[in-house]
Amino acid sequence: MFKNIISKKAILNPVLMLAAMWFGYFLQTQGFFDSCFGAIIPLVPEGLLGIVTSPLLHGNLDHIIGNSIPIAALMFLLYQFYPLVANKVFILGWLATGLLVWMLPPIDIHTGEYMYTCTIGASGVVYVLAFFLFFSGVFKWNMKLLTISLLVVLYYGSLVWGMFPEELFYNLQEPSKISWQAHLSGAVVGSILAFMFKNVGDKKKKYIWEFPNYYSERDDKLWQEYKENHPEDFMELPYKKRDDIWDHLEELRRK
């Protein structure tokens, strides 16, 4: 029943991503990725590897579970409703976000001092997907895709707060371990990708009669025939009667 409705890639690709994330976490627990190896270390050459590997690594079980659910849901929506650009959005979003995080110096907003940080986790990719799905529906102004945008806002609207340093809202004894830089980078990259691909795939449908110079000889003939056969309908009439006439004309036009 659903094989012609749900895309195979919309199921397979999220499963593959989750498998890669959990395999990466398993390797971490076995000591293969110790210290900051595989993480993004801003402005440090050794941290460039993290652009590729960091979304597959996580700090603890809560961290990976917290990223697995939105990754699965948002990747499903991406591959189901944006199949033509899904791979480009996912890969470009992954790499561009990682590069942007690497280029942003992690500075303590209170002291202005540089902090040596190691960024891991798929939250940057989550922000790419969420912001792409939201803004793509808005840019295309397609009702089906706008529905997806509203779903993203409904379930993941609170993500916007993750784009700001926690120090702005709380008095923390030590710097937050949550990378707002990764979240902000993902949001920016996802929004840019939505704009880049706004003309690819489904767009708002514009029917032929909506164009300014539209003319149909058939419609004009139907209109003239109706005027000849129903002259009484063109007398001064109550609004309800006028609505009935227009409904009748629309029914004739569709036949």
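Residues numbered from 1 in each chain as written. Predicted model: local features only at pLDDT ≥ 70, side-chain atom pairs only at ≥ 80, totals over all residues. Heavy atoms only, no water.

**Q** Even after reading the chapter, I still don't get the overall build of the protein, so can you show me in this structure?
**A** Of regular secondary structure, the protein possesses 9 helices and 0 strands. Element order for the protein, N to C, with α for helix and β for strand: α-α-α-α-α-α-α-α-α. Relative to its 255 residues, the protein shows a buried fraction of 37%. When the accessible surface of the protein is summed, it comes to about 16,200 Å², and 65% of that surface belongs to carbon and sulfur atoms. (Helix = DSSP H or I, 4+ residues; strand = E, 2+ residues; numbered from the N terminus. Buried < 20%, exposed > 50% of the residue type's maximum accessible area, 1.4 Å probe, protein only. Areas by Shrake-Rupley, 256 points an atom, 1.4 Å probe, with all protein chains shown as cover.)

**Q** In this structure, what is going on with empty space enclosed by the protein? I would like to understand it.
**A** Once rolled over the atoms, a probe with the size of a water molecule shows which space is left empty. Going through the model one piece at a time under the given rule, you end up with 1 cavity of 30 Å³ or more. Taken as a whole, the largest cavity spans an internal volume of roughly 90 Å³. The wall of the largest cavity is formed by 13 residues, among which Ile40, Ser54, Thr97, Gly121 and Gly124 lie closest to the centre. When residues of the lining of the largest cavity are traced back to their parent elements, those giving at least two are α4 (86–103) and α5 (123–140). Per element, the largest residue contribution to the lining of the largest cavity is 4 residues, and it comes from α4. Among the residues forming the lining of the largest cavity, the class breakdown is 7 nonpolar, 6 polar and no charged. (1 Å grid on protein atoms, 1.4 Å probe; cavity = no way out; pocket = protein on both sides within 12 Å on 5 of 7 lines; lining within 4 Å. Points joined across faces, edges and corners; volume = space filled by probe spheres on them. Nonpolar A, V, L, I, M, F, W, Y, C, P; charged D, E, K, R; others polar.)

**Q** Would you mind showing me how to read the state of the cysteines here?
**A** Each disulfide consists of a covalent bond between the sulfur atoms of two cysteine residues. In the structure shown here, the tally under the stated rule is 1 disulfide. The disulfide partner of Cys36 is Cys118, and the gap between their sulfur atoms is 1.4 Å. Of note, the bridge from Cys36 to Cys118 carries an S-S torsion of about 80° and is right-handed in sense. Placement of Cys36 in the loop between α1 (8–29) and α2 (50–53) and of Cys118 in the loop between α4 and α5 is noted, with a sequence separation of 82 residues between them. (Disulfide = S-S within 2.5 Å.)

**Q** Explain the confidence of the model for the protein here, please?
**A** Low pLDDT means the predicted coordinates in that region are not meant to be read closely. Summing up the model confidence of the protein, the mean pLDDT is 82 and the portion of residues at 70 or higher is 76%. For the protein, the element scoring lowest by mean pLDDT is helix α9 (residues 239–254), at 62; α4 scores highest, at 96. (pLDDT = per-residue confidence, 0-100.)

**Q** What's the story with unusual backbone geometry in this structure? I'm lost.
**A** Most peptide bonds take the trans configuration, and most residues that are not glycine carry a negative phi. Phi at Leu43 takes a positive value of approximately 65°, unusual for a residue other than glycine. Along the polypeptide, Leu43 turns up in the loop between α1 and α2. Assessed through its relative accessible area of 45%, Leu43 is described here as partly exposed.

**Q** Where do I start with the packing of aromatic side chains in this structure?
**A** By convention here, two paired aromatic rings are described through the distance between centres and the angle between planes. On inspection of all chains with the given rule, the structure shows 9 aromatic pairs. Both rings, one in Phe33 and one in Phe37, keep their centres 5.7 Å apart while their planes meet at 20°; by these two values the pair is stacked. For Phe37, a relative accessible area of 47% puts it in the partly exposed group. (Phe/Tyr/Trp six-rings, centres within 6.5 Å; stacked < 30°, edge-to-face > 60°.)

**Q** Help me understand the nonpolar core, please; the structure alone is not making it clear to me.
**A** Burial of nonpolar side chains together is a common tendency in soluble globular proteins. Ranked by size, the top nonpolar core spans 37 residues in total, and within it Ile71, Leu78, Phe90, Leu129, Phe132 and Leu133 carry the most contacts. Counting only elements with at least two residues in this core, the list comes to α1, α3 (61–81), α4, α5, α6 (143–156) and α7 (180–196). Ranked by the residues each element gives to this core, the list is headed by α5, at 9 residues. Sequence-distant contacts of Leu133, defined by excluding residues within four places in its chain, comprise Leu74, Leu77, Leu78, Tyr82, Ile148, Ser149 and Val152. Formed by 5 residues, the second largest nonpolar core is a distinct cluster that contains Ile40, Ile51, Val101 and Ala182. (Core = buried A, V, L, I, M, F, W, Y, C linked by side-chain atoms within 4.5 Å. Contact = heavy atoms within 4.5 Å.)

**Q** What should I look at first to understand the side chain of His58 in this one?
**A** Looking at where His58 falls in the secondary structure, it is placed in the loop between α2 and α3. Residue classification places His58 among the buried positions, given a relative accessible area of 1%. Side chain to side chain, His58 and Asn67 meet in a polar contact 3.2 Å long. Of note is the side chain of His58, whose polar atom sits 3.3 Å from the backbone nitrogen of Ala122. Aside from chain neighbours lying at most four places away, what touches His58 is Met21, Tyr25, Gln28, His63, Ile64, Asn67, Ile120, Gly121 and Ala122. (Polar contact = N/O pair within 3.5 Å; in protein donor to acceptor, adjacent residues only side chain to side chain.)

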